[in-house]
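Notes for the structure review
Chain residues, written in single-letter form:
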Amino acid sequence: MPVMRKDEISAILKEQIRGFDYDLEMNEVGVVVEVGDGIARVFGLQRAMSAEIVEFPNDIYGLILNLEEESVGVALFGESECVQEGDEVRRTGRVLEAVVGEGLLGRVVDALGRPKDGKGPISFSERRKAELKAPGVIQRQPVDTPLQTGLKSIDALTPIGRGQRELIIGDRRTGKTAIAVDAIINQKDADVACVYVAIGQKTSTIARVVEALERHGAMGYTIVVAAEADEPTPMQYLAPYAGCAMAEYFTYSGKDAFVIYDDLSKHAVAYREMSLLLRRPPGREAYPGDIFYTHSRLLERAVRLSDEHGGGSLTAFPIIETKAGDITGYIPTNVISITDGQIYLETDLFNQGFRPAINVGKSVSRVGGAAQTKAMKQIAGHLRLELSQYRELEAFAEFSADLDEESKAQLARGDRLMEVLKQEQYKPMAVEKQIVSLYVAVENHLADLALPKVRPFLEEWLRFLHSEHEQIMKALAKKCEITDEIRRLLEKAVVEFKERFGG
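In short, a report on the structure. (Residues numbered from 1 in each chain as written. Predicted model: local features only at pLDDT ≥ 70, side-chain atom pairs only at ≥ 80, totals over all residues. Heavy atoms only, no water.)

Moving on, we come to unusual backbone geometry. Cis geometry is found at the peptide bond from Asp262 to Asp263, where omega equals -5°. With respect to the helices and strands, Asp263 occurs in the loop between strand E13 (256-262) and helix H6 (264-277). Between Arg355 and Pro356 the backbone carries a cis peptide bond, its omega angle lying at -10°. Mapped onto the elements, Pro356 comes out in the loop between helix H9 (347-351) and strand E17 (364-365). Positive phi values are uncommon outside glycine, yet Ala51 reaches one of about 70°. The class of Ala51 is partly exposed, set by a relative accessible area of 30%. (Helix = DSSP H or I, 4+ residues; strand = E, 2+ residues; numbered from the N terminus. Buried < 20%, exposed > 50% of the residue type's maximum accessible area, 1.4 Å probe, protein only.)

Structural data, given as structure tokens:
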């Protein structure tokens with residue numbers, strides 16, 4: 001048997017060492033010391049970042065919310081029962097992100113971008129941080145382009161501009177979601193990407209919204225982000241930020257986007273629950289001290305970007321649920337102060353059959369006429385004045401039995417104006433249809449009609465214009481202004497219509 005010399009052994013070992021390929025990887029690993037109610041306390045993650053994603057066993061992820069001296073507080077995106085004391089926790093080095101892209105349109109996803117509609121995997125183009133700093137003053141431009149909702153009482157009296165934040169506020173079951181869904185349906189030919197974020201809603205309610213959007217052909221340009229009532233609280237907390245990031249993808253691509261948060265009352269409750277479990281000091285109504293910042297940093301991301309930054313826009317409709325019409329509660333007043341106006345829905349109006357149940361006196365848009373076409377401004381100025389006088393007279397009439405003929409006529413006129421503002425759900429109207437409907441009311445062409453005949457009259461009036469005077473509708477749609485010529489044609493058409501249909 002040959003004997004190897006020392007120098008041969010040495011040469012072989014050196015060759016082996018030179019060819020040895022090694023890859024050193026260091027992982028910071030923590031240990032779960034306490035877990036329960038969707039919150040885990042983890043020891044050993046000294047270099048962890050706030051809002052960083054960490055990985056638990058069983059493919060469960062969590063979000064770091066508290067950075068404490070001895071441990072970190074983590075919100076779990078999964079069932080607490082799957083995490084136990086002593087489990088290893090690994091850092092990912094990534095802050096919270098949302099999947100974004102055109103591939104999400106037409107899909108129902110959860111707050112982490114995972115499909116919930118059974119239509120297979122999501123194709124997404126990139127990831128965006130779920131929380132971003134809102135654009136500064138220099139990056140913005142004034143809001144002056146209308147976002148038509150298709151609802152007469154909104155487009156005429158509380159107009160919405162692209163880049164605005166308009167609050168929808170009212171008691172339970174007053175039609176808040178219905179307004180939001182109608183506004184989405186009305187974007188069908190407007191090239192606006194829509195995101196509907198359902199926070200803490202019943203699964204059946206979300207299914208109804210999705211079915212309505214599909215039935216009216218609106219799902220093709222809509223993303224539904226669903227965080228149902230039975231999902232972990234952190235998922236409900238994350239949903240609006242993820243939905244905003246999905247909408248921002250279109251905004252920063254130079255397009256227009258529209259996002260609805262339904263609703264931020266439940267989002268505030270979810271954040272309060274997490275904060276209390278994380279042992280943060282409670283404030284008013286047990287909400288944490290930064291509850292205002294939680295909503296303001298979300299809603300400030302609504303923007304109309306300057307042309308240098310692409311000119312895209314993000315319009316936000318936050319929804320807040322009140323208790324017994326009380327808009328002076330902590331969360332309602334917070335969100336009212338952050339937004340550019342509110343659409344106030346009243347239970348009494350809803351029960352009286354006035355739909356949408358918008359109180360035009362308490363509703364306001366701080367953008368105002370800047371986000372209206374010239375034709376709508378011409379109509380809306382008269383309408384607003386008429387309705388304010390009607391409300392004053394109506395309040396006075398409650399205490400007085402004897403009214404003069406002029407006051408009675410004004411009340412009857414106001415009743416007809418209110419009747420004109422009624423609108424069925426899932427039937428948003430093009431702006432030129434709204435204008436011709438409101439025109440006959442403002443110009444007092446309904447005075448000789450009985451109140452129950454007003455709405456049938458309007459339906460026939462629109463049909464008549466489309467069949468006999470299509471040029472008026474086309475001129476209004478093109479010019480967006482009631483010129484002297486259009487006014488003359490409208491007056492002539494009204495006379496002809498009333499003669500033919502007998503008023």
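More follows now that the structure is in view.
It is worth spelling out the sheet that holds strand E3 (residues 52-56) at this point. Spatially, the six strands close up into a barrel ordered E1-E2-E5-E4-E3-E6, and their pairing is antiparallel. Pairs of neighbouring strands in the sheet enclose a mean axial angle of 45°, with direction left out of account. Direction of pairing for strand E1 (residues 29-36) relative to strand E2 (residues 39-43): antiparallel, over a ladder of five bridges. Bridge pairing in E2 links Glu34 to Arg41. (Pairing = 2+ DSSP bridges. Axes fitted to C-alpha atoms, helices over the stretch in contact; angles between N-to-C directions.)

One can describe the packing of helix H11 (residues 405-421) onto helix H12 (residues 431-442) by two numbers: an axis separation of 10 Å at closest approach and a directional angle of 170°. Taken together, the axes of H11 and H12 are roughly antiparallel relative to one another. Listed contacts from H12 to Arg413, Leu417, Val420 and Leu421 of H11 are Ser437, Leu438, Ala441 and Val442. Across the contact of H11 with H12, the residue classes break down as six nonpolar, one polar and one charged. (Parallel < 35°, antiparallel > 145°, perpendicular 65-115°, else oblique. Contact = heavy atoms within 4.5 Å. Nonpolar A, V, L, I, M, F, W, Y, C, P; charged D, E, K, R; others polar.)

The subject of this paragraph is the pattern of salt bridges. In the structure shown here, the tally under the stated rule is 34 salt bridges. Of the charged contacts in the structure, one is a salt bridge between Glu248 and Arg301, with a shortest N-O distance of 2.8 Å. In this pair, Glu248 is assigned in helix H5 (residues 233-251) and Arg301 in the loop between helix H7 (291-299) and strand E14 (303-304), connecting sequence segments 53 residues apart. Here Glu248 and Arg301 have matching classes, each one buried. (Salt bridge = Lys/Arg side-chain N within 4 Å of Asp/Glu carboxyl O.)

So, about the pairing of strand E11 (residues 192-199). Burial analysis of E11 places eight of its eight residues in the buried class, which makes it a mostly covered element. Here seven bridges tie E11 to E13, and the two strands are oriented parallel to one another. Following the sheet pairing, Ala198 is matched in E13 by Asp262.

What follows concerns helix H3 (residues 176-185). Because the α-helix completes a turn every 3.6 residues, residues three or four places apart line up on one side. Within H3, nine of the ten residues are buried, leaving the element largely enclosed by the surrounding structure. Turning to H3, its buried residues number three or more, namely Lys176, Ala178, Ile179, Ala180, Val181, Asp182, Ala183, Ile184 and Ile185.

Let's shift gears to the packing of H12 against helix H13 (residues 454-468). For the pair H12 and H13, interaxial distance at closest approach is 10 Å and the crossing angle is 125°. Here H12 lies oblique to H13, going by the angle between them. In this structure, H12 meets H13 at a crossing whose hand is right-handed. On the side of H12, the interface is formed by Lys433, Val436, Ser437 and Val440, while H13 contributes Leu458, Trp461, Leu462, Leu465 and His466. Partitioning the contact of H12 with H13 into residue classes produces six nonpolar, two polar and one charged. (Left-handed = near helix turned anticlockwise from the far one by under 90°.)

Let's shift gears to a nonpolar patch on the surface. On the surface, Ile9, Leu13 and Ile17 cluster together to form a nonpolar patch covering roughly 310 Å² of accessible area. Among the structural elements, Leu13 can be located in helix H1 (residues 6-18). (Patch = residues over 30% accessible without salt bridge, like charges linked within 9 Å, V, L, I, M, F, W, Y side chains within 5 Å. Areas by Shrake-Rupley, 256 points an atom, 1.4 Å probe, with all protein chains shown as cover.)

What follows is about a positive patch on the surface. Taken together, the side chains of Arg172, Arg173, Lys202 and Arg208 make up a positively charged region of the molecular surface. Its location among the elements puts Arg208 in helix H4 (residues 203-215). (Lys, Arg positive; Asp, Glu negative; His and termini not counted. Charge placed at Lys NZ, Arg CZ, Asp CG, Glu CD.)

What follows is about the packing of aromatic side chains. Following the criterion strictly, the structure yields nine aromatic pairs and no others. Residues Tyr237 and Tyr271 carry aromatic rings whose centres are separated by 5.2 Å and whose planes lie at 20° to one another, so their mutual orientation is stacked. Note that Tyr237 is positioned in helix H5 and Tyr271 in helix H6, a separation of 34 residues in sequence. Exposure class is identical for Tyr237 and Tyr271. Each is buried. Look at Phe457 and Phe497: their rings are 5.0 Å apart centre to centre, the planes differ by 75°, and that puts the pair in the edge-to-face class. Note that Phe457 is positioned in helix H13 and Phe497 in helix H15 (residues 484-501), a separation of 40 residues in sequence. The burial state of Phe457 is the same as that of Phe497; both residues are buried. For Arg272, the ring lying beneath its charged end belongs to Tyr287, and the centroid distance is 4.3 Å. When the ring centre of Phe350 is taken as reference, the NZ or CZ atom of Arg355 above it lies at 3.8 Å. (Phe/Tyr/Trp six-rings, centres within 6.5 Å; stacked < 30°, edge-to-face > 60°. Lys NZ or Arg CZ within 6 Å of the ring centre and 35° of its normal.)

Before going further, it helps to examine the nonpolar core. In this structure, Ile184, Leu213, Phe258, Leu383 and Trp461 are the most contacted members of the largest nonpolar core, which totals 78 residues. The greatest single-element share of this core, amounting to eight residues, is contributed by H12. Residue contacts for Ile184: discarding those within four places in its chain leaves Cys194, Tyr196, Leu213, Ala218, Tyr221, Thr222, Phe258 and Ile260. Residues Tyr241, Met246, Tyr271 and Val303 belong to the second largest nonpolar core, which totals 57 residues. (Core = buried A, V, L, I, M, F, W, Y, C linked by side-chain atoms within 4.5 Å.)

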